[in-house]
Amino acid sequence: MAARGKHRRLFVLTGLLLLYALACLLSRGFAHFMLSRLSGPAMRALHRLTVPISFPLAEPLAFAAGVAIILALAAAGLRALSRRNAAPLRHWLRGALWAALCIGGSLLALWLPAMVAPMEAPPAPNASQLEWLCGQLIDALNAAELSFPEAAESLRRAPEAAKLPDAIVKGARYPEWMRAASISGLFVPLTGEALVDVTAPAPLIPFTAVHELMHLTGIADEGAANIAAWERCLSAGGAFADSARLWALRYAMGMLLRADDDAWQRAHEKMKDPLSQVFQLSGNAAIPADRRAPGLPSLSLRRGDYTALIGHLIAQGFT
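These figures come from a predicted structure and were not determined experimentally. (Residues numbered from 1 in each chain as written. Predicted model: local features only at pLDDT ≥ 70, side-chain atom pairs only at ≥ 80, totals over all residues. Heavy atoms only, no water.)

### Looking at the sheet that holds strand β3 (residues 193-196)
Then, in step 1: Pairing is mixed across the open sheet formed by 3 strands, whose spatial order is β1-β3-β2. Of all the strands in the sheet, the pair left with one neighbour each is β1 (169-171) and β2 (185-188). Strand after strand, the sheet turns through a mean of 30° between neighbouring axes, direction not considered. (Pairing = 2+ DSSP bridges. Helix = DSSP H or I, 4+ residues; strand = E, 2+ residues; numbered from the N terminus. Axes fitted to C-alpha atoms, helices over the stretch in contact; angles between N-to-C directions.)

### Things to note about the packing of helix α6 (residues 151-161) against helix α8 (residues 205-216)
Then, in step 1: Two elements in contact, α6 and α8, have axes separated by 9 Å at closest approach and are oriented at 45°. Judged by the angle between their axes, α6 and α8 are oblique. Judged by the twist between their axes, the crossing of α6 over α8 is right-handed. Residues Ala151, Ser154, Leu155, Ala158, Pro159 and Ala161 of α6 touch α8, and the partners they reach there are Ile205, Pro206, Ala209, Val210 and Leu213.
Then, in step 2: Here the contact of α6 with α8 is composed, by residue class, of 10 nonpolar, 1 polar and no charged. (Parallel < 35°, antiparallel > 145°, perpendicular 65-115°, else oblique. Left-handed = near helix turned anticlockwise from the far one by under 90°. Contact = heavy atoms within 4.5 Å. Nonpolar A, V, L, I, M, F, W, Y, C, P; charged D, E, K, R; others polar.)

### Focus: α6
Then, in step 1: Along α6, the residues classified as buried are Ala151, Ser154, Leu155, Ala158, Pro159 and Ala161. Each buried residue of α6 lies within a common arc of 155° when the element is viewed along its axis, so the set occupies one face. Of the exposed residues in α6, those oriented more than 90 degrees away from the buried face are Ala152, Arg156 and Glu160.
Then, in step 2: Note on α6: the residue one or two positions beyond its end, Lys163, has a positive phi of about 60°. (Buried < 20%, exposed > 50% of the residue type's maximum accessible area, 1.4 Å probe, protein only. Arc of directions from axis to C-beta.)

Shown next, in the form of C-alpha cells:
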C-alpha cells in the first residue's frame, strides 16, 4: 500500500507538470501571467538570496548532485547484486525519479514561461547589408579608445550598465567547464545566478555580463537578450558600448565570411591596428554555426538565435 501511494504521488506530480507545460505552450497569455506573477519574481528572489554568497552556488550544487547520483547508483547496484534481487535498485530508481522530477519540475516552472514567446526573427541580411554593417561597426570601433577593464571590474559595473543596480554577476569559480563548452556566460534559473567566464578575453566580458543579466529580467530568447543587452550597453557607453559593438562585429563578420569571402576581406582591411589586435584577441569572427556566444545551449535551454542582433541593427539602420 505504501509503495502504491508513492507511485500515485509520482504520477500526480508528473501529470501536474505536464498540464502546466501544456498550458504554457498553448496559451501565451497564461505563460506571460506565470512569468510576471510567479517564475519571474521567483528567479529574482533566488537571485537576491544568492547575492551574499561570494561564489557561484550553482557550481557546487551541480557537482554534488552528480556525485550523489553516481554513488547512489553504484551502491544500489552492489546491494542488488549481493542480495540477488533488484529491490534496492528499484528503490533507488524511484528516489532518483523523484529527485529528477523535483529538479526538472522546478526548472520547467521557472523557465518555460519565458521560453514560449521567442522574438520574431528579423529578415536574413544579404552580403551587401552585412558588409555595410561591418563597415559601420569598424568605423565606430576604430574611433573608440578600446580600453577595457579587468574582469572583476567589468562584473562589478555590469549591473549598473544593465539598469539592475541591485543585481550581481559572478565569475565562475571553475571556468574550465565553460571553456570546454565554448561559452562565455550562463544564466542559471534554479539559483537565479548570472555566471561569466572571467578568463575570457577582457573585451568580451562587459557585454556578456549584461547579456546574462537580461535573462534575469525574464528574457529567455538569446536573440532578444542580445538586443536588450545591446541597448543597455550602448546607453552605458564606454567599455560596455565598445564591447557590444565588438560582439556585433564578430557576429556580422562571421555571417559575412559565410556569405562573401571577398567582402569579408575588404571589411577586415578597414580595421586599424588597435581594433585588429582586439578583434584577434577576442577570437576573430563568430561563425554562426559555432553558436559561440553568451549562454550555454545544452544547459540553459537556449531558445533563439544570437545573430538576430545583426538583423535588428540592419533593420534599424544601425544606431
